[in-house]
Amino acid sequence: MQVVAVDIGGTHARFAIAEVADGKVVSLGDVVTQKTAEHASLQTAWQDFERQYGKLLPKAAALSVASPVGGEVIKLTNNPWIIRPALIPERLGADVYVIVNDFAAIAHAVAQLPDADFLHICGPERPLARDGVTSICGPGTGLGVAGVLHADDTYHVLSTEGGHIDFAPLDAFEDTMLARLRKTFTRVSAERVCAGPAIVAIYETLAEIEGKPVRHLDDKAIWGLAFEGLDSLAIAALDRFVLALGAFAGDLALTQGAKDVVIAGGLGLKLKDHFARSGFAERFTAKGRFQQLMAGIPVKLITHPQPGLYGAAAAFAQEHSQ
């Protein structure tokens, strides 16, 4: 069966034709990326994709949206589109459809992708378990968290808002950064330290500690300096970010009783060469009496180029497998 898979974020909407069968994704076709700012709605972007596709689209849709899912109206978090699920058959011509949150889509992708789409970071080097829980976290604009529970030859996606748990500092630097963040936020969540924009607070805290003038740069500029190796404070901020992410991923594994952990997201992929040299594994396992347990948990990075699209199609395949 063919399905139109769509991954809708704040800046881009990605479309592809997926083939699904027996509850699984068989293939994912060429991806067409559109800027959401150039389209008034999902319907006009859908129609543009149909024009590029050159023939009528399948009457089935799998949508991944960067927004909470539920209710009569879905308002995208970072773009002006509004989706009314009840109108999808009329507006898109899709007789059957599935809508999932963007990180739930990632979780579906983790559950169905082959081992070749994962890169080992630390812990025992073995394939992802197909029983029990796999914890997933992804640093991006926010800090996405989900889980996959494998049981009885199937799987269940656990959608969460785990990125909003309280941040727990582990050393003097993080104590200082927490105090700095508290001047702006009444409550400091893990997302304030382990999502992409957090690099600003880390960078500025390092500057203050060293007594250097604080350069008020945005997160994209600091990440650029760090990845290009052009600024020693930006490089140090990147290292501190990876340490904090390692601690959070370890806490997540303990909380969910995970057999393994997957790091997802575009920023996670950009960090792939930094995990080994920035102390991620040490922070992941540094859980006191549970250090030995943590050392036995594999951590992997998802490397598939379009996990949101693949995951949307996987969610459709699972729901319509009967």
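Engineer: Hey, could you run me through the overall build of the chain in this one?
Structural biologist: When you go through the chain residue by residue, the secondary structure sums to 12 helices and 14 strands. Its C-alpha radius of gyration of 20 Å places the chain within 12% of the 20 Å reference for a compact globule of 322 residues. Burial analysis of the chain (322 residues in total) assigns 51% to the buried set. The long-range share in the chain, meaning contacts at least 24 apart out of those at least 6 apart in sequence, stands at 66%. Across the chain, the 28 positively charged side chains and the 36 negatively charged ones have centroids separated by 4 Å.

Engineer: Explain the packing of helix H6 (residues 199–209) against helix H7 (residues 219–228) here, please?
Structural biologist: Each pair of packed helices can be summarised by the angle the axes make with each other and by the distance between the axes. Contact pair H6 / H7: the axes reach a minimum separation of 9 Å and the direction vectors enclose 70 degrees. Classified by the angle their axes make, H6 and H7 are roughly perpendicular. Here H6 runs over H7; the crossing is left-handed. For the pair H6 and H7, contact is made by Ile 199, Val 200 and Tyr 203 and by Asp 219, Ile 222 and Trp 223, respectively. Counted by class, the contact of H6 with H7 contains five nonpolar, no polar and one charged residues.

Engineer: It is not clear to me how the packing of aromatic side chains should be interpreted in this structure. Could you clarify?
Structural biologist: The description of an aromatic ring pair uses the distance of the two centres, along with the angle that the planes make with each other. On inspection of all chains with the given rule, the structure shows six aromatic pairs. Arranged with centres 5.0 Å apart and planes meeting at 85 degrees, the rings of Trp 223 and Phe 241 form a pair that is edge-to-face. You can see Trp 223 sitting in helix H7 and its partner Phe 241 sitting in helix H8 (residues 232–256), a full 18 residues away along the chain. The same class applies to Trp 223 as to Phe 241, namely buried. Linked through ring pairs, Phe 15, Phe 49 and Tyr 53 together constitute an aromatic cluster.

Engineer: Is there a simple way to explain the pattern of salt bridges in this structure?
Structural biologist: The final tally for this structure, using the stated rule, is 12 salt bridges. Of the charged contacts, one joins Glu 174 and Arg 283 as a salt bridge, the two residues approaching to 3.1 Å between their closest N and O atoms. Linking Glu 174 in helix H4 (residues 172–182) with Arg 283 in helix H10 (residues 280–285), this pair joins segments that are 109 residues apart in sequence. Across the salt bridge formed by Arg 180 and Glu 208, the nearest N and O atoms sit 3.1 Å from each other. One end of the pair, Arg 180, is in helix H4; the other, Glu 208, is in helix H6, with 28 residues separating them in the sequence. Given the relative accessible area of 44%, Glu 208 is considered partly exposed. Overlapping salt bridges, with partners in common, bring together Asp 171, Glu 174, Arg 240 and Arg 283 in one network.

Engineer: Got a minute to help me understand the sheet that holds strand S13 (residues 258–263) in this structure?
Structural biologist: Picture the strands of a sheet paired through backbone hydrogen bonds; they go either parallel or antiparallel. Overall, mixed pairing links the six strands, which are arranged S9-S14-S13-S10-S11-S12 in an open sheet. Strands at the two margins of the open sheet, each flanked by one partner only, are strand S9 (118–122) and strand S12 (154–159). Each neighbouring strand pair of the sheet contributes to a mean axis angle of 25 degrees, computed without reference to strand direction. Strand direction decides the pairing type here: strand S10 (residues 132–139) and strand S11 (residues 143–151), joined by eight bridges, are antiparallel. When the sheet's bridge partners are listed, Gly 132 is paired in S11 with His 150. Contacts between helix H3 (residues 102–112) and the sheet are confined to S9, S10, S11, S12, S13 and strand S14 (299–302), with S11 contributing the most and set at about 40 degrees to the helix.

Engineer: Sorry if this is basic, but what is going on with H3 here?
Structural biologist: Counting along an α-helix, one turn takes 3.6 residues, and residues three or four places apart therefore face a common direction. Of all the 11 residues making up H3, 10 are buried; the element is thus mostly covered by neighbouring parts of the structure. When we look at burial in H3, the residues that qualify are Phe 103, Ala 104, Ala 105, Ile 106, Ala 107, His 108, Ala 109, Val 110, Ala 111 and Gln 112. With a side-chain oxygen positioned 2.8 Å from the backbone nitrogen of Phe 103, the residue opening H3 is Asn 101.

Engineer: In this structure, what is going on with the packing of H4 against H6? I would like to understand it.
Structural biologist: Direction vectors running N to C along H4 and H6 enclose 110 degrees, while the axes themselves pass 10 Å from each other. Taken together, the axes of H4 and H6 lie roughly perpendicular to each other. Taken as a pair, H4 and H6 cross one another with a handedness that is right-handed. Between H4, through Phe 173, Thr 176, Met 177, Arg 180 and Leu 181, and H6, the contact on the second element is made entirely by Ala 201, Ile 202, Glu 204, Thr 205, Leu 206, Glu 208 and Ile 209.

Engineer: Before we go on, may I ask you to explain the pairing of strand S1 (residues 2–8) in this structure?
Structural biologist: Every regular strand shows the same layout, with side chains that alternate between the two sheet faces. Taking burial as the measure, the seven residues of S1 include six buried ones, the bulk of the element. Of the strand pairs in this sheet, S1 and strand S2 (residues 12–21) are connected by seven bridges, and their pairing is antiparallel. Paired with Val 3 across the strands is Ala 18, a residue of S2. In this structure, S1 lies alongside strand S5 (residues 60–65), joined through five bridges in parallel fashion. When the sheet's bridge partners are listed, Asp 7 is paired in S5 with Ser 64.

Cut-offs used in this document
- Residues numbered from 1 in each chain as written.
- Predicted model: local features only at pLDDT ≥ 70, side-chain atom pairs only at ≥ 80, totals over all residues.
- Heavy atoms only, no water.
- Helix = DSSP H or I, 4+ residues; strand = E, 2+ residues; numbered from the N terminus.
- Rg over C-alpha atoms; globule rule 2.2 N^0.38 Å.
- Buried < 20%, exposed > 50% of the residue type's maximum accessible area, 1.4 Å probe, protein only.
- Contact = heavy atoms within 4.5 Å.
- Lys, Arg positive; Asp, Glu negative; His and termini not counted.
- Charge placed at Lys NZ, Arg CZ, Asp CG, Glu CD.
- Axes fitted to C-alpha atoms, helices over the stretch in contact; angles between N-to-C directions.
- Parallel < 35°, antiparallel > 145°, perpendicular 65-115°, else oblique.
- Left-handed = near helix turned anticlockwise from the far one by under 90°.
- Nonpolar A, V, L, I, M, F, W, Y, C, P; charged D, E, K, R; others polar.
- Phe/Tyr/Trp six-rings, centres within 6.5 Å; stacked < 30°, edge-to-face > 60°.
- Salt bridge = Lys/Arg side-chain N within 4 Å of Asp/Glu carboxyl O.
- Pairing = 2+ DSSP bridges.
- Polar contact = N/O pair within 3.5 Å; in protein donor to acceptor, adjacent residues only side chain to side chain.

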